[in-house]
Structure formats: structure tokens, C-alpha cells
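Observations on chain architecture
This is what each chain is made of:
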Amino acid sequence: MSAPDGSPVGAERSIGQLFASATTELSALVHDEIALAKAQLKQDVKRGATSGGAFTGAGAVLVFSLPMLNFALAYGIRTWSDWNLAICFLLSFAANVLVAAVLALIGMSFAKKAKKSQGPQKVAASMKETAGVLQKAKPHPRPEHPAIEDRAPAAIEAVARSSS
């Protein structure tokens, strides 16, 4: 079994290797957080587009179907009831308004869902929490070894290689 950087587990790793490993993990975490924010934002945009489509549909139904539906419905009501033709036209118009209102309610429900979505805010809070934890993190105390000064240039080289 080996660590993510390929060294055997339990083997002592240099400070440079530890720093390189931590940098890689932090970079992966940030990239994952950004990908999550993009996915949630994409979902919010879809909800907004659905809402806009429903509102557009409501408007189209109201505008384009009024003349034909009004005439057909008004004359149909007149045929079945022998009411005044003006009342029949008013009833026909009321039916069209009812259909448009139902479509508008559907659009409003999708708009509320898109507005209530807290996707990007959750991701931002998560990233702030991660940054707060990393700022408070303190390294474990290490025993002083005389050989550390000998390894310092190698550690600096490892960090320089990992960051390029």
C-alpha cells in the first residue's frame, strides 16, 4: 500500500513532499468546489428557462387563441343556451383567461424554485469553511534533528518542482 504521492505508507516523507501533497489535494478540492458551483448554477438556469417558457406559453395562448376560441366558444354557448351573444363572448374570454392563469401559476412556481435555490451560496460557504479550517491548521511539532539542515535544499527543490 502506498500514499498518494507513491511513497510507502509509514515511511517518513520530507516536508517538501508533504507540502506538495497538501498543495495537490487543496487544488483538487478547489477545482471540485468550482465544478459543483457550475453544476448548481446550470440547474438554476434550467429552472429559470422553464419559468420563462411557461410565461411565454401563457402569453402565446392568450394572444393567439383568443379570436378563434372566443368565436367558437361563444357560438357554442349560444347554441346550447340561447343566451345573449355578448354574454357568450364574455364567457369565452373568461375561459381563455383561466387557461392563461394556470400557465402563469406554473411559471411562477418554477420561478420561485429558481429564486430559492441556494446552490452557489452553499458552495461559497463551503469554500469559506475550508479556508477557515486551513488558516487555523497548525503543523504538528516535529523533533529537532541535526540532519534537517542537510535535507533543506532537497525539500526546497521538491516544492519548486511540484509548483511548476
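Check the entry above for the structure.
The structure reproduced in this document is the subject of the present report. (Residues numbered from 1 in each chain as written. Predicted model: local features only at pLDDT ≥ 70, side-chain atom pairs only at ≥ 80, totals over all residues. Heavy atoms only, no water.)

1. Digging into the overall build of the protein chain
The following threshold applies: Numbered from the N terminus, helices here are DSSP runs of H or I no shorter than four residues, and strands are runs of E no shorter than two. Each residue is assigned to one of three classes by its accessible area relative to the maximum for its type, calculated with a 1.4 Å probe on protein chains only: buried under 20%, partly exposed between the two thresholds, exposed over 50%. Should any heavy atoms of two residues lie within 4.5 Å, those residues are counted as being in contact. Here the accessible surface of atoms and residues is derived via Shrake-Rupley with a 1.4 Å probe, and residues count as covered only by protein chains that are part of the display.
Along the protein chain, the regular secondary structure elements total 4 helices and 0 strands. Starting at the N terminus, the α and β elements of the protein chain follow one another as α-α-α-α. Here the protein chain holds 164 residues, and 17% of them are scored as buried. Nonlocal contacts in the protein chain, meaning residues at least 24 apart in sequence, comprise 61% of its contacts between residues at least 6 apart. Accessible surface computed for the protein chain: about 12,300 Å², of which carbon and sulfur atoms make up 69%.

2. What to know about the packing of aromatic side chains
We count it as follows: Working definition: rings of Phe, Tyr and Trp (its six-membered ring) pair if their centres are within 6.5 Å, and the pair is stacked with planes under 30 degrees apart, edge-to-face with planes over 60 apart, and tilted otherwise.
This model, assessed by the stated rule, comprises 2 aromatic pairs. An angle of 90 degrees between the planes, with centres 5.4 Å apart, marks the rings of F71 and F89 as edge-to-face. With F71 in helix 1 (residues 15-81) and F89 in helix 2 (residues 85-116), the pair connects residues that are 18 residues apart, well separated along the chain. Classification of F71 by relative accessible area gives partly exposed; the value is 47%.

3. Here we look at the packing of helix 1 against helix 2
Note the threshold: Here an angle of 0 to 180 degrees is reported between the N-to-C directions of two axes, which are lines fitted to C-alpha atoms, with helices fitted over the stretch in contact. If an angle is under 35 degrees, it is roughly parallel; if it is over 145, roughly antiparallel; if it lies from 65 to 115, roughly perpendicular; otherwise it is oblique. Residue type decides the class: Asp, Glu, Lys and Arg count as charged, Ala, Val, Leu, Ile, Met, Phe, Trp, Tyr, Cys and Pro as nonpolar, and the leftover types, Gly among them, as polar.
Axis separation between helix 1 and helix 2 bottoms out at 8 Å; the angle between their running directions is 170 degrees. It follows that helix 1 is roughly antiparallel to helix 2 by the angle criterion. Tallied by class, the residues present in the contact of helix 1 with helix 2 amount to 28 nonpolar, 9 polar and 4 charged.

4. Observations regarding helix 1
The condition is simple: Given a helix with a known number of residues, its expected span is that number minus one, times 1.5 Å. Bend, at a single residue, is the angle you get between axes fitted to the 7 residues ending at that residue and the 7 residues starting at it.
With 67 residues, helix 1 extends 92 Å between its outermost C-alpha atoms, agreeing within 8% with the 99 Å of an ideal straight helix rising 1.5 Å per residue. Its axis deflected by about 60 degrees at L66, helix 1 carries its strongest bend there, up to four residues before the proline P67. Once helix 1 finishes, D82 follows within two positions and takes phi at roughly 60 degrees, a positive value.

5. Focus on the side chain of N96
Following the sequence through the fold, N96 ends up in helix 2. On the basis of relative accessibility, which here comes to 5%, the residue N96 falls in the buried class. Apart from the residues within four sequence positions on either side, N96 is in contact with L62, S65, L66, L69 and N70.

6. Focus: the environment of L91
One can find L91 in helix 2. Classification of L91 as partly exposed rests on a relative accessible area of 38%. Sequence separation between L91 and L73 is 18 residues; the distance between their C-alpha atoms is 8.1 Å. Every residue in contact with L91, bar those within four places of it in the chain, is listed here: L73, I77 and W83.

7. Some thoughts on helix 2
Given a rise of 1.5 Å per residue, 32 residues ought to cover 46 Å, and the 47 Å separating the end C-alpha atoms of helix 2 matches this to within 8%. When we look at burial in helix 2, the residues that qualify are C88, S92, N96, A100, G107 and A114.

8. Thoughts on a nonpolar patch on the surface
Note the cut-off: Note that patches include only residues with greater than 30% relative accessible area and no salt bridge, and the join distances are 9 Å for like charges and 5 Å for nonpolar side chains (Val, Leu, Ile, Met, Phe, Trp, Tyr). When a carboxyl oxygen of Asp or Glu lies within 4 Å of a side-chain nitrogen of Lys or Arg, that pair is called a salt bridge.
Taken together, the side chains of L26, L29, V30, I34 and M127 make up a nonpolar region of the molecular surface, amounting to roughly 350 Å² of accessible area. Looking at which element gives the most residues to the nonpolar patch, the answer is helix 1, with 4 residues. Take I34: it is sitting in helix 1.

9. Focus on unusual backbone geometry
Phi is positive for D82, close to 60 degrees, though the residue is something other than glycine. Looking at the secondary structure, you find D82 in the loop between helix 1 and helix 2. Taking the relative accessible area as the measure of exposure, D82 reaches 67% and is therefore exposed.

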